[in-house]
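Results of the structural survey
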Amino acid sequence: MKRIVILMAVMTAQLLTSYGRTPEERLEIINKAHEGNAEAQWQVGFMHETSEGVTQSKEEAAKWYEKAAEQDYSPACNNLGLLYENGNGVKKDLKKAEKYYLKAIKQENVNAMYNLGNLYISQKKDKDGLDLCWRRRRQKAWPLPLATLDTTTPTRRRTAQKA
């Protein structure tokens, strides 16, 4: 019984310091975000999106991602694209989603390459653009012949690539 209580106390402490950040570290990030630091703005957006030490708010996440995206911070552009694609915290707008993915892709963001490819699949458009997104993602994410995306299946599972 003591082990269970100790385990629960440890798990609770880990939850309270989400992602290994203390409240002081989160406060420092928030202060940097208010000063205009793009990476910190993205992190504050992520904190709001995932309720890490703050109240969950997709609208607030979008606001912070937008600030970082204005400074061309590619992770924020990708995350903002996801919010627009799914209509989380913002009005669903696939054109804006595509715009933010492309902005992130200009900076070689492999997650945005994948997300734009999936957006194109969902819209059944631009087969060449889809192939380019996935090909570039494979080159950036897996420069060694470790794995590749199998684009022939609906689930786009990862399969072994032959050397």
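Whatever comes next refers back to the structure up there.
Residues numbered from 1 in each chain as written. Predicted model: local features only at pLDDT ≥ 70, side-chain atom pairs only at ≥ 80, totals over all residues. Heavy atoms only, no water.

Let's shift gears to the overall build of the protein chain. Of the regular secondary structure elements, the protein chain holds eight helices and two strands. Its helices and strands in sequence order give the protein chain the pattern α-α-α-α-α-α-α-α-β-β, from N to C terminus. Sequence-distant contacts in the protein chain: of pairs separated by 6 or more residues, those separated by 24 or more amount to 36%. Just so you have it, the protein chain exposes about 10200 Å², and 55% of that area is on carbon and sulfur atoms. (Helix = DSSP H or I, 4+ residues; strand = E, 2+ residues; numbered from the N terminus. Contact = heavy atoms within 4.5 Å. Areas by Shrake-Rupley, 256 points an atom, 1.4 Å probe, with all protein chains shown as cover.)

Note that soluble globular proteins tend to have their nonpolar side chains buried in a common cluster. Ranked by size, the top nonpolar core spans 22 residues in total, and within it Y65, L80, L83, Y84, Y101 and L116 carry the most contacts. Contributing elements (two or more residues each) for this core: helix 4 (58-69), helix 5 (74-86), helix 6 (94-105) and helix 7 (110-123). Not counting chain neighbours up to four residues away, the residues in contact with L83 comprise E49, K58, A61, A62, Y65, N88 and V90. A40, V44, M47 and W64 belong to the second-largest nonpolar core, a separate cluster that totals six residues. (Core = buried A, V, L, I, M, F, W, Y, C linked by side-chain atoms within 4.5 Å. Buried < 20%, exposed > 50% of the residue type's maximum accessible area, 1.4 Å probe, protein only.)

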